[in-house]
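Read off the chains here:
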Amino acid sequence: MSKPNRRSFLSAGATSLLILSQGAAASPNERARHAVIGCGGQGRAHGQAFARQSGCAVAAVCDVDPARRAEAVKELPDPHSVAAHEDYRRLIEDPSIDTVSIATPDHWHAPIALAALRAGKPVYVEKPCCHTLHEGALLVEAARKYQRCVQHGTQSRGGQGIRYAIQYLREGHLGRVRLAKAINHQFRGPIGRAPDEAPPAGVNYDLWLGPAPQRPFSHNRWHYNWHWHWDYGTGDLGNDGIHQVDVARWGLGVEWPRAVTASGGQLFYDDDHETPDTQVVTFEYPECYLMFEMRLWTDYPLEGHDNGVIFYGDKGILEIGRHGCEVTLIGQEKKKIGGGVDLDEHVRNFLECARTGDADKLFAPIHEGYLSAALCHLGNIATRVSARLEYDPVSRTFKNNPAADRLVSKTYRPGYELPPL
């Protein structure tokens, strides 16, 4: 896929953000006016990270929950200047908003991102960028059509130490790498069982559901617990595991696998969870394998490192985790060669690329984000249909598996269909 360069981006028409002063210390009226859509934990982290950038002011937040809106505004450095919205559409229609970031439940990522791109706004969208394979392909197409920067929230790519470790691997210091294992092991406690009930006072629950099927409110399908239901989330493979899958795919230098096998289920939970607590996925490539291993009933210290990736080469191994990167060559002691994740650097990179219109310099451009999200969807689909799958990204179909084909896209509730490109 061709990516827009600076000239083609600017010739397509620029927002006020793109003509800001090139100086490091922009005056207040030259700063990008940013909006955060979704005010849960990650959304509030967005607000604070964007507010820390000298060339950016968080001008608005949006959430269907008034309590979360208020909390997000209160945490910002100049709360009296921040507009609070219930409906993202009002925010996107605002011509004074230059850039947006999206940290809603997964089922809203692509619809909001597509609407923002249609409005000409650069987008930072949380992982996974899409709730289905079809949505991800549309996002890549929209970024190309509207020639706007779209950064994916796989922020490991923003860490200088991690980028150095990937370069170290690519330079051949490990020899030939035939396997990378992406490991997501942590303890996520059971959620129990919760009854259907009335939504909290003031919450626009219909808007929260959006394109998802109509059903009553439950606290086990609400804040954060929505991750564990297929109508809104993608399980922990798409929630946390995508970070490890992305780093593994990045290091191996691979894109679409020739086949995917998977198994998973609930060995620990016996509650309202729909998604697995234990899952193993193998992505087959011609010259290497990428394995994903998930268990949500163990804690980090059991293996001496947290969630991360291990690259296995002829000359040794490279481990990349949240807290840094370590290499162990055969016959040598383990040594640290780099640090970990840096959300601020990821945000700065997005703002700079949006300002200059240079999508080529994004750390996690949407076409890369989509590929990593797609691997997570492929793993989940293979788990749900219990089959070895071969997927054609051009036709968006699986080879001889109609059950898997039905999970490539989904039906949208009337009134909440995807916006046309």
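Let us look at the structure shown here. Here the structure is a predicted model, which means the values were calculated and not measured. (Residues numbered from 1 in each chain as written. Predicted model: local features only at pLDDT ≥ 70, side-chain atom pairs only at ≥ 80, totals over all residues. Heavy atoms only, no water.)

As for the packing of aromatic side chains
Phase 1 of the analysis: Under the defined criterion, the tally for this structure stands at 17 aromatic pairs.
Phase 2 of the analysis: Geometrically, the ring pair formed by Trp 256 and Tyr 391 is tilted, given 5.7 Å between the ring centres and 45° between the ring planes. Taken as a pair, Trp 256 in the loop between helix 10 (241-252) and strand 8 (259-265) and Tyr 391 in strand 15 (residues 391-392) lie far apart in primary sequence, 135 residues in all.
Phase 3 of the analysis: The class for Trp 256 is partly exposed, based on a relative accessible area of 24%.
Phase 4 of the analysis: Assessed through its relative accessible area of 10%, Tyr 391 is described here as buried. (Phe/Tyr/Trp six-rings, centres within 6.5 Å; stacked < 30°, edge-to-face > 60°. Helix = DSSP H or I, 4+ residues; strand = E, 2+ residues; numbered from the N terminus. Buried < 20%, exposed > 50% of the residue type's maximum accessible area, 1.4 Å probe, protein only.)

A short note on the pattern of salt bridges
Phase 1 of the analysis: Tallied over the entire structure, the rule returns 28 salt bridges.
Phase 2 of the analysis: Note that Arg 188 and Asp 240 form a salt bridge whose closest N and O atoms lie 3.6 Å from each other. Of the two residues, Arg 188 is situated in the loop between strand 7 (177-185) and helix 8 (205-209) and Asp 240 in the loop between helix 9 (235-239) and helix 10; the sequence distance between them amounts to 52 residues. In this structure, Arg 188 and Asp 240 share a single accessibility class: buried.
Phase 3 of the analysis: Across the salt bridge formed by Arg 348 and Glu 345, the nearest N and O atoms sit 2.8 Å from each other. One end of the pair is Arg 348 and the other is Glu 345, both in helix 11 (residues 343-356) and three residues apart, which spans about a single turn.
Phase 4 of the analysis: Members of the salt-bridge network, linked through shared partners, are Asp 87, Arg 89, Arg 90 and Glu 93. (Salt bridge = Lys/Arg side-chain N within 4 Å of Asp/Glu carboxyl O.)

Let's talk about the packing of helix 5 (residues 109-118) against helix 6 (residues 133-146)
Phase 1 of the analysis: Between helix 5 and helix 6, the least distance of the axes is 10 Å, while the angle of their chain directions is 10°. When the interaxial angle is binned, helix 5 and helix 6 end up roughly parallel. Between helix 5, through Ala 110, Pro 111, Ala 113, Leu 114, Leu 117 and Arg 118, and helix 6, the contact on the second element is made entirely by Glu 135, Leu 138, Leu 139, Ala 142, Ala 143 and Tyr 146. (Axes fitted to C-alpha atoms, helices over the stretch in contact; angles between N-to-C directions. Parallel < 35°, antiparallel > 145°, perpendicular 65-115°, else oblique. Contact = heavy atoms within 4.5 Å.)

Overview of the side chain of Asn 380
Phase 1 of the analysis: Structurally, the position occupied by Asn 380 is in helix 12 (residues 366-385).
Phase 2 of the analysis: When residues no more than four places from it in sequence are discounted, the contact partners of Asn 380 are Trp 230, Thr 234, Leu 237 and Gln 279.

Side note on the state of the cysteines
Phase 1 of the analysis: Per the stated rule, a full pass over the model turns up zero disulfides.
Phase 2 of the analysis: Cys 130 takes part in no disulfide bond, and the closest cysteine sulfur to it belongs to Cys 129, at a distance of 3.9 Å.
Phase 3 of the analysis: Free of any disulfide, Cys 376 has its nearest neighbouring cysteine sulfur in Cys 130, separated by 9.2 Å. (Disulfide = S-S within 2.5 Å.)

What about the environment of Asn 401?
Phase 1 of the analysis: Tracing the sequence through the fold places Asn 401 in the loop between strand 16 (397-398) and helix 13 (402-405).
Phase 2 of the analysis: Placed 14 residues apart in sequence, Asn 401 and Ala 387 show a C-alpha to C-alpha distance of 8.6 Å.
Phase 3 of the analysis: Ignoring any residue separated from it by four or fewer positions in sequence, one finds Asn 401 in contact with Val 385, Ala 387 and Leu 389.
Phase 4 of the analysis: A polar contact is formed between the side chain of Asn 401 and the backbone nitrogen of Ala 404, at a distance of 2.9 Å. (Polar contact = N/O pair within 3.5 Å; in protein donor to acceptor, adjacent residues only side chain to side chain.)

Concerning a nonpolar patch on the surface
Phase 1 of the analysis: Together, Phe 187, Leu 267, Phe 268 and Trp 297 make up an exposed nonpolar region whose accessible area comes to about 430 Å².
Phase 2 of the analysis: In this structure, Trp 297 sits in the loop between strand 10 (289-295) and strand 11 (308-313).
Phase 3 of the analysis: Given the relative accessible area of 35%, Trp 297 is considered partly exposed. (Patch = residues over 30% accessible without salt bridge, like charges linked within 9 Å, V, L, I, M, F, W, Y side chains within 5 Å. Areas by Shrake-Rupley, 256 points an atom, 1.4 Å probe, with all protein chains shown as cover.)

Thoughts on the sheet that holds strand 7
Phase 1 of the analysis: Strand order in the open sheet made by the eight strands is 8-9-10-7-11-12-13-14, with mixed pairing throughout. Looking at the sheet topology across the chains shown, the edges are occupied by strand 8 and strand 14 (335-338). Along the sheet, successive strands turn relative to each other by an average axial angle of 15°, direction set aside.
Phase 2 of the analysis: Here strand 7 pairs with strand 11 via six bridges, running antiparallel. Paired with Ile 183 across the bridge in strand 11 is Gly 308.
Phase 3 of the analysis: In the packing of helix 10 onto the sheet, contacts are made with strand 7, strand 10, strand 11 and strand 12 (316-321), and the angle to strand 7 comes to roughly 170°. (Pairing = 2+ DSSP bridges.)

Some points on the sheet that holds strand 1 (residues 32-37)
Phase 1 of the analysis: Strand order across the open sheet formed by six strands is 3-2-1-4-5-6, with parallel pairing between neighbours. Two strands close off the open sheet at either side, each with one partner strand: strand 3 (83-85) and strand 6 (150-152). Averaged over all pairs of adjacent strands, the angle between strand axes in this sheet comes to 20°, irrespective of strand direction.
Phase 2 of the analysis: Note that strand 1 and strand 4 (residues 99-102) share four bridges and pair parallel. Across the sheet, His 34 pairs through a bridge with Thr 99, a residue of strand 4.

Section: unusual backbone geometry
Phase 1 of the analysis: Look at the link from Lys 127 to Pro 128: it is a cis peptide, with omega at -20°.
Phase 2 of the analysis: One can find Pro 128 in the loop between strand 5 (123-125) and helix 6.
Phase 3 of the analysis: The backbone phi angle of Tyr 224 is positive, close to 65°, even though this residue is not glycine.

With respect to the packing of helix 7 (residues 160-170) against helix 10
Phase 1 of the analysis: Running from N to C, helix 7 and helix 10 cross one another at 35°; their axes reach a closest spacing of 9 Å. For the pair helix 7 and helix 10, contact is made by Ile 162, Arg 163, Ile 166, Leu 169 and Arg 170 and by Val 247, Trp 250 and Gly 251, respectively.
Phase 2 of the analysis: When its residues are assigned to classes, the contact of helix 7 with helix 10 shows five nonpolar, one polar and two charged. (Nonpolar A, V, L, I, M, F, W, Y, C, P; charged D, E, K, R; others polar.)

Things to note about the environment of Arg 215
Phase 1 of the analysis: Residue position: Arg 215 is located in the loop between helix 8 and helix 9.
Phase 2 of the analysis: In sequence terms Arg 215 and Ile 37 are 178 residues apart; their C-alpha atoms lie 23 Å from each other.
Phase 3 of the analysis: Among all residues touching Arg 215, those that are not within four sequence positions of it are Tyr 205, Leu 209, Arg 221, Asp 231, Tyr 232 and Glu 274.

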